[in-house]
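Examination of the molecular architecture
What follows is each chain in one-letter form.
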Amino acid sequence: MEVRARAPGKIILAGEHAVVHGSAAVAAAIDLYTYVSLRFPTPEDNDEELKLHLKDMGLEFSWPVGKIKETMPELGGVPGSIPSYSLEAMKAIASLVEEQSIPEDNTGLISGISAFLWLYTSIHGNKPAKAVVTSELPLGSGLGSSAAFCVALSAALLSLSSDSVKLDFNHQGWQVLGKSELELVNKWAFEGEKIIHGKPSGIDNTVSTYGNMIKFKSGELTHIKTNMPVKMLITNTKVGRNTKSLVAGVSKRALKHPIAMVSIFNAVDSISNELSEIIQSPISDDLVITEKEEKIAELMEMNQGLLQSMGVSHTSIETVIRTTSKYKLSTKLTGAGGGGCVLTLLPTLLSGTVVDKVVAELVSCGFHCLVAGIGGRGMEVCFNGF
Ligand SMILES: Nc1ncnc2c1ncn2[C@@H]1O[C@H](COP(=O)(O)OP(=O)(O)OP(=O)(O)O)[C@@H](O)[C@H]1O
Ligand SMILES: C[C@@](O)(CCO)CC(=O)[O-]
Ligand SMILES: [Mg+2]
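Residues numbered from 1 in each chain as written. Chains lettered and ligands numbered in written order. Predicted model: local features only at pLDDT ≥ 70, side-chain atom pairs only at ≥ 80, totals over all residues. Heavy atoms only, no water.

Glancing now at the sheet that holds strand β9 (residues 331-333). Taking strand neighbours across the sheet as the criterion, the four strands line up as β9-β10-β8-β11 in an open arrangement whose pairing is antiparallel. Two strands close off the open sheet at either side, each with one partner strand: β9 and β11 (368-370). Averaged over neighbouring strand pairs, the angle between their axes works out to 25 degrees when direction is ignored. Sheet strands touched by helix α10 (residues 315-325): β8 (232-236), β9 and β10 (341-345). Its angle to β9, the strand with the most contacts, is close to 165 degrees. Against the sheet, helix α11 (residues 352-364) touches β8 and β11, its axis set at about 10 degrees to β8. (Pairing = 2+ DSSP bridges. Helix = DSSP H or I, 4+ residues; strand = E, 2+ residues; numbered from the N terminus. Axes fitted to C-alpha atoms, helices over the stretch in contact; angles between N-to-C directions. Contact = heavy atoms within 4.5 Å.)

Set out below in structure tokens:
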């Protein structure tokens, strides 16, 4: 039996970082996906290994199941109940990861491989299997690659665990899971995100699981219904960074300057609430759209200013802001910042020629630009046709 799961990346329209400290944030799924296929070997295969193939990078890792059992004698294997990780389990996983040869310029993958091992062994114990991962998302760039990885992986793992997820095996093509299954996948993915992010808010795995556009505050999800077309140019500065250390940096600043930082987080909360109201309110004509876009653009600029105060902007992000402001366009970072991707609002009435000029100028600075579909599908699984 083989299953394939896919989960989308995301953009955060407002509220990143502050959401870790209890403020509201607004996020939307994008139509770029991470795919995980999972297969248990048949007895004829005579395969006694757990394998992880990161296809895009041409990397393969494998662990003899005997070695996993020896290193982690207290294995879980109960899909319905999520174990809290013990220091011993994390140490055991670290030793299993250490014995793999991970290329020096790919050490960022250590946290992803650790999340894989933790999720796999917690759900399936020490059963042999092969997982193959591919992704359309740039890794470590603010588009939620870690969450898409954890959601797709959890969905694939739970789909092949006999009783935790109800599926229609005869369904042709991609299928959306039921409400309780989505909740379970989201919970497991959040645990994976903890391994990668340290202290995630849960917004990335939640929007990747459910898709569309959401408001998220203190673990609570509100679905945003909108008929407003929101078009963003995504610019990847290609400056590498990692979410865990950026989140830790903001927490450090919050400890150092608690009163000032609480004011910043409160301001972000108001921005996210206003933004979600604007997006949800009905549209009667083009004039209304233009007014709304102007407000959204201002809120994005205000949010970017506050993110800069939190210490998560970067000179490359400032370069994109300067470049796009020449064309009167508003830009903010998305995700954890420190480099990575930034969003520029593309108003509905903006001419294609202007977009082409901005893109050409950004590309000449060495950045990569893309326009992704916003607010699309969440996590789905497939048993055939792949
Ligand atoms: N397809 C993948 N295969 C293996 N590991 C992955 C994959 N996608 C993400 N990861 C893991 O997640 C890490 C990147 O996570 P990180 O949270 O730093 O960035 P991001 O999720 O892309 O951005 P953000 O959290 O700001 O949205 C990678 O270094 C790797 O460990
Ligand atoms: C920076 C952050 O707010 C968003 C990363 O996409 C972290 C989180 O919420 O987990
Ligand atoms: Mg991440």
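Here the narrative resumes, following the displayed structure.
This part takes up the coordination of the magnesium ion (ligand 3). The coordination sphere of the magnesium ion (ligand 3) contains the protein donors Ser146 (OG) and His197 (NE2), at a distance range of 2.1 to 2.2 Å. One end of the pair, Ser146, is in helix α4 (residues 145-159); the other, His197, is in helix α5 (residues 179-197), with 51 residues separating them in the sequence. The two residues Ser146 and His197 agree in class, both being buried. (Donors = N, O, S within 2.8 Å, 3.2 Å for Na, K, Ca; no water. Buried < 20%, exposed > 50% of the residue type's maximum accessible area, 1.4 Å probe, protein only.)

With that out of the way, let us pick up the packing of aromatic side chains. Working definition: an aromatic ring pair is given by the centre-to-centre distance plus the angle between the planes. Per the counting criterion, the structure on display carries five aromatic pairs. Residues Trp118 and Trp188 carry aromatic rings whose centres are separated by 5.9 Å and whose planes lie at 45 degrees to one another, so their mutual orientation is tilted. Taken together, the residues span a long stretch of sequence, with Trp118 in helix α3 (residues 109-124) and Trp188 in helix α5 at a distance of 70 residues. Given a relative accessible area of 2%, Trp118 falls into the buried group. Using a relative accessible area of 0% as the deciding quantity, one classes Trp188 as buried. The ring of Tyr33 has Arg6 sitting right over it, with the charged end atom 4.3 Å from the ring centre. The residue whose ring lies beneath Lys127 is Phe40, and the NZ or CZ to ring-centre distance is 4.0 Å. (Phe/Tyr/Trp six-rings, centres within 6.5 Å; stacked < 30°, edge-to-face > 60°. Lys NZ or Arg CZ within 6 Å of the ring centre and 35° of its normal.)

One can read the domain layout of the protein as domain 1 (2-223 + 375-382) and domain 2 (226-370). On a C-alpha basis, the centres of domain 1 and domain 2 stand 27 Å from each other. In this assembly, 30 residues from domain 1 lie in contact with 37 residues from domain 2. Put simply, domain 1 and domain 2 have two salt bridges between them. Measuring nitrogen to oxygen at the nearest pair gives 2.9 Å for the salt bridge that ties Lys332 to Glu16. Taken together, domain 1 and domain 2 are joined by 13 residue pairs in polar contact (both at pLDDT 80 or more). Counting only elements with at least two residues in the side of domain 1 that touches domain 2, the list comes to β1 (2-14), β2 (25-39), α5 and β6 (213-217). No other element matches the five residues that β1 contributes to the side of domain 1 that touches domain 2. Its residues assigned to classes, the side of domain 1 that touches domain 2 comprises 15 nonpolar, 10 polar and five charged. (Domains from an automatic or database assignment. Salt bridge = Lys/Arg side-chain N within 4 Å of Asp/Glu carboxyl O. Polar contact = N/O pair within 3.5 Å; in protein donor to acceptor, adjacent residues only side chain to side chain. Nonpolar A, V, L, I, M, F, W, Y, C, P; charged D, E, K, R; others polar.)

The next thing to look at is the environment of Val185. By the secondary structure assignment, Val185 is in helix α5. When its relative accessible area of 0% is taken as the criterion, Val185 is described as buried. In this structure, the C-alpha to C-alpha distance between Val185 and Leu153, residues 32 residues apart in sequence, is 9.0 Å. If sequence neighbours within four positions are ignored, Val185 has contacts with Val151, Ser154, Ala155, Leu158, Leu177 and Met379.

Now for the UniProt feature "domain: GHMP kinase C-terminal" (unreviewed entry) in the protein. The UniProt record annotates "domain: GHMP kinase C-terminal" (unreviewed entry) at residues 294-347. As a span, residues 294-347 carries 52% helix and 15% strand, and end to end its C-alpha atoms are 8 Å apart. (UniProt positions renumbered as here; feature names shortened; annotations may be inferred.)

Now for the side chain of Ser208. By the element assignment, Ser208 lies in helix α6 (residues 203-210). Looking at Ser208, the relative accessible area reads 1%, which means it is buried. Excluding its chain neighbours within four sequence positions, the residues that come into contact with Ser208 are Ala7, Pro8, Ala147, Ala148, Val151, Gly378 and Met379.

Neighbouring residues of ligand 2: 14 residues in total, closest Lys10, His17, Pro200, Ser201 and Asp204. Taking His17, its main chain carries an N or O atom lying 2.8 Å from an oxygen atom of ligand 2. Asp204 places a side-chain nitrogen or oxygen 2.6 Å from an oxygen atom of ligand 2. Contact with the protein chains hides 98% of the accessible area of ligand 2, taken as 300 Å² for the molecule alone. (Near = heavy atom within 4 Å. Areas by Shrake-Rupley, 256 points an atom, 1.4 Å probe, with all protein chains shown as cover.)

A word on unusual backbone geometry. At Asn46, a position not held by glycine, the phi torsion is positive, near 50 degrees. In this fold, Asn46 is placed in the loop between β2 and β3 (49-54). One non-glycine residue, Ser218, lies in the positive phi region at around 45 degrees. Within the fold, Ser218 resides in the loop between β6 and β7 (220-224). Ser218 gets classed as exposed once you look at its relative accessible area, which sits at 53%.

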